[in-house]
Amino acid sequence: MTSPFDDEIAALLAEQTVADPPPALRATTLARAVAGRAPGRPLDAARPCEPAVAFDRTVEDLHRLLNSLADGEWDAPAHADHGRVRDLVAHLTGVERLVLRWLDPADTVPDLPDHVASTRPVVAELAGAGPRDVARQWHEAARAVAAAAVGDGARPVVFHDITVSVDQLLVTRTGELWAHAIDICQATGRPLPELDPERMATLCAALMAAVPLAMAYQGAVAPGRAARFVLTGPAGGTFTVPLAPEPRAAEPDVTIVADAVGLCRLAVRRLSRRQLGAAIDGDQELGTLALTAIDALARD
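(A) Region of interest: the overall build of the chain. Looking only at helices and strands, one finds 11 helices and eight strands in the chain. Taking all 300 residues of the chain together, the buried fraction comes to 44%. For the chain, the share of sequence-separated contacts (at least 6 apart) that also reach a separation of at least 24 residues comes to 71%. When the accessible surface of the chain is totalled, it reaches about 15100 Å², and 57% of it is carbon and sulfur.

(B) Examining the packing of helix α4 (residues 85–103) against helix α7 (residues 166–187) more closely. Look at α4 against α7: their axes get within 11 Å of each other, and the N-to-C directions meet at 175°. The angle between the axes of α4 and α7 places the two elements in the roughly antiparallel class. In this structure, α4 uses Val-85, Leu-88, Val-89, His-91, Leu-92, Val-95, Glu-96, Val-99 and Leu-103 to contact α7, whose residues at the interface are Val-166, Leu-169, Arg-173, Glu-176, Leu-177, His-180, Asp-183, Ile-184 and Ala-187. Class assignment of the residues belonging to the contact of α4 with α7 gives a composition of 12 nonpolar, two polar and four charged.

(C) Fine view of the pairing of strand β3 (residues 156–159). Side-chain alternation along β3 places Val-157 and Phe-159 on a buried face and Pro-156 and Val-158 on a face that remains uncovered. Across four bridges, the pairing between β3 and strand β4 (residues 162–165) is antiparallel. Bridge pairing in β4 links Val-157 to Val-164. Once β3 ends, the chain turns through two residues before running back antiparallel as β4, passing His-160 with a positive phi of about 55°.

(D) Quick look at the state of the cysteines. One pass over the structure, following the stated rule, counts zero disulfides. Unpaired in terms of disulfides, Cys-204 finds its nearest cysteine sulfur in Cys-264, a separation of 3.7 Å. Of the residues examined, Cys-204 reaches a relative accessible area of 1% and is grouped as buried.

(E) The arrangement of the pattern of salt bridges in detail. The final tally for this structure, using the stated rule, is 22 salt bridges. Arg-84 serves as the salt-bridge partner of Asp-75, at 3.2 Å between the closest nitrogen and oxygen. Its relative accessible area of 33% is what places Arg-84 among the partly exposed residues. Among the salt bridges present, the one from Arg-173 reaches Glu-176, with a minimum N-O distance of 2.5 Å. Here the residue Arg-173 and the residue Glu-176 both occupy positions in helix α7, the gap between them amounting to three residues, near one helical turn. A single burial state applies to Arg-173 and to Glu-176, both of which are buried. One network of salt bridges, in which partners are shared, links Arg-57, Asp-61, Arg-64, Asp-196 and Arg-199.

What counts and how
- Residues numbered from 1 in each chain as written.
- Predicted model: local features only at pLDDT ≥ 70, side-chain atom pairs only at ≥ 80, totals over all residues.
- Heavy atoms only, no water.
- Helix = DSSP H or I, 4+ residues; strand = E, 2+ residues; numbered from the N terminus.
- Buried < 20%, exposed > 50% of the residue type's maximum accessible area, 1.4 Å probe, protein only.
- Contact = heavy atoms within 4.5 Å.
- Areas by Shrake-Rupley, 256 points an atom, 1.4 Å probe, with all protein chains shown as cover.
- Axes fitted to C-alpha atoms, helices over the stretch in contact; angles between N-to-C directions.
- Parallel < 35°, antiparallel > 145°, perpendicular 65-115°, else oblique.
- Nonpolar A, V, L, I, M, F, W, Y, C, P; charged D, E, K, R; others polar.
- Pairing = 2+ DSSP bridges.
- Disulfide = S-S within 2.5 Å.
- Salt bridge = Lys/Arg side-chain N within 4 Å of Asp/Glu carboxyl O.

Okay, structure coming up:
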């Protein structure tokens, strides 16, 4: 049996439990956290690798995957636009050949805004080749791209209907190779390919830097507004990015918390927003707008 004194103590404890926290608690907690360590990447987070390293490693990952395929697996349906695994690899061969031309300052490539249509002549050319010969031609072309990209990573080059730096092009190509490796693994019943944390950190950093351009490309800019992305996992970090092409980010109106790998899969169109399950704190509409535009620069 409890005493009236016990009941009074319980009532006071219950009141403390349900009462709103002091108004200054959040600001005080954040100030103390920032005093301990500046916001940004976790202390034990993976460091991004050079774009050329990311591309090189991903080329070799895909090369090993293709070498592991059994004869019948080359005919497995792998992509809605490209078709079978062998046709998908023929598409990638066409992409590498185009990239070689884009990297050549003396070459003039016609306007090719449609990524899928731009490689159909090569896919048709390789239709009669054996799948392992197609894989060999892709690998040789990809190695040629890696060699041609050596030098000034900041040099501007054309990529379909946008202009990017050589480094940005290599990161974009890393993402595309990873995306199509996912396609092939899903088509052949293999575990999904995983990039090492250094490559994932490279993709995350490039993705965050590209958010303003992606918003503009999507025609959904929010001038003067910004989002804070909190990316979790070994490749994660905290990024405050403007939601329009502006010199610097404003104070964020929304915070988006998401798995780093999942957000990159969303950016290469291999995961839906529902599957990502990001947490949005603040302006829900603005957060949704940013996540909707995150894949605007993807090429399939």
